[in-house]
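Structural overview
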Amino acid sequence: MYILLALIGACALGIAAHFLIRDRELRGVALTPAIATAVSALTYTGLQWAGVGEDSIWLWLASVLGAPLVAALATVAITGMRKRSDAQSRAALGI
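Everything numeric here is computed off the predicted structure, so don't read it as measured data.

1. Digging into the overall build of the chain
The secondary structure content of the chain amounts to three helices and zero strands. Listed N to C, the secondary structure of the chain is α-α-α in terms of helices and strands. For 95 residues, the compact-globule formula gives about 12 Å, and the C-alpha radius of gyration of the chain, at 16 Å, lies well above that figure. Projected onto the principal axes, the alpha-carbon positions of the chain cover approximately 60 × 20 × 15 Å.

2. Observations regarding the side chain of Asp23
Within the fold, Asp23 resides in the loop between helix H1 (2-20) and helix H2 (31-49). On the accessibility criterion, Asp23 (19% relative accessible area) is buried. Aside from chain neighbours lying at most four places away, what touches Asp23 is Thr79 and Lys83.

3. Structural notes on the packing of H1 against helix H3 (residues 57-93)
Geometry of a packed helix pair, given as the angle between the helix axes and the separation of the axes. Direction vectors running N to C along H1 and H3 enclose 25°, while the axes themselves pass 8 Å from each other. Here H3 runs roughly parallel to H1, going by the angle between their axes. Regarding H1 and H3, the two cross each other, and that crossing is right-handed. Residues Tyr2, Leu5, Ala6, Gly9, Ala10, Leu13 and Gly14 of H1 pack against Trp60, Ser63, Val64, Leu65, Ala67 and Pro68 of H3.

4. Considering a nonpolar patch on the surface
Judged by side-chain polarity, Leu13, Ile57, Trp58, Leu61 and Leu65 come together as a nonpolar surface patch covering roughly 520 Å² of accessible area. By residue number, the principal contributor to the nonpolar patch is H3, which donates four residues. For Leu61, a relative accessible area of 33% translates into the label partly exposed.

Calculation criteria
Residues numbered from 1 in each chain as written. Predicted model: local features only at pLDDT ≥ 70, side-chain atom pairs only at ≥ 80, totals over all residues. Heavy atoms only, no water. Helix = DSSP H or I, 4+ residues; strand = E, 2+ residues; numbered from the N terminus. Rg over C-alpha atoms; globule rule 2.2 N^0.38 Å. Buried < 20%, exposed > 50% of the residue type's maximum accessible area, 1.4 Å probe, protein only. Contact = heavy atoms within 4.5 Å. Axes fitted to C-alpha atoms, helices over the stretch in contact; angles between N-to-C directions. Parallel < 35°, antiparallel > 145°, perpendicular 65-115°, else oblique. Left-handed = near helix turned anticlockwise from the far one by under 90°. Patch = residues over 30% accessible without salt bridge, like charges linked within 9 Å, V, L, I, M, F, W, Y side chains within 5 Å. Areas by Shrake-Rupley, 256 points an atom, 1.4 Å probe, with all protein chains shown as cover. Salt bridge = Lys/Arg side-chain N within 4 Å of Asp/Glu carboxyl O.

Dropping the structure here:
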């Protein structure tokens, strides 16, 4: 049940990251929170399987703070790819 706390925290920080990263009009509103939540779930589960207990600070730092950081980096990369793709499309169309 503690995983829900990690997922909710990561999702909330993912929402904040979405609004802090520029060029919001080039991506969906759910992209960053979805990535943060998925990474948090994988991190929490992986660390639990590795034997890290729920009382370990590393489990919580990685799943609640690390996941939104990864999501923010992925969002910046995806936004950059979208900008380059749009520029290529405009150049190909002569716009």
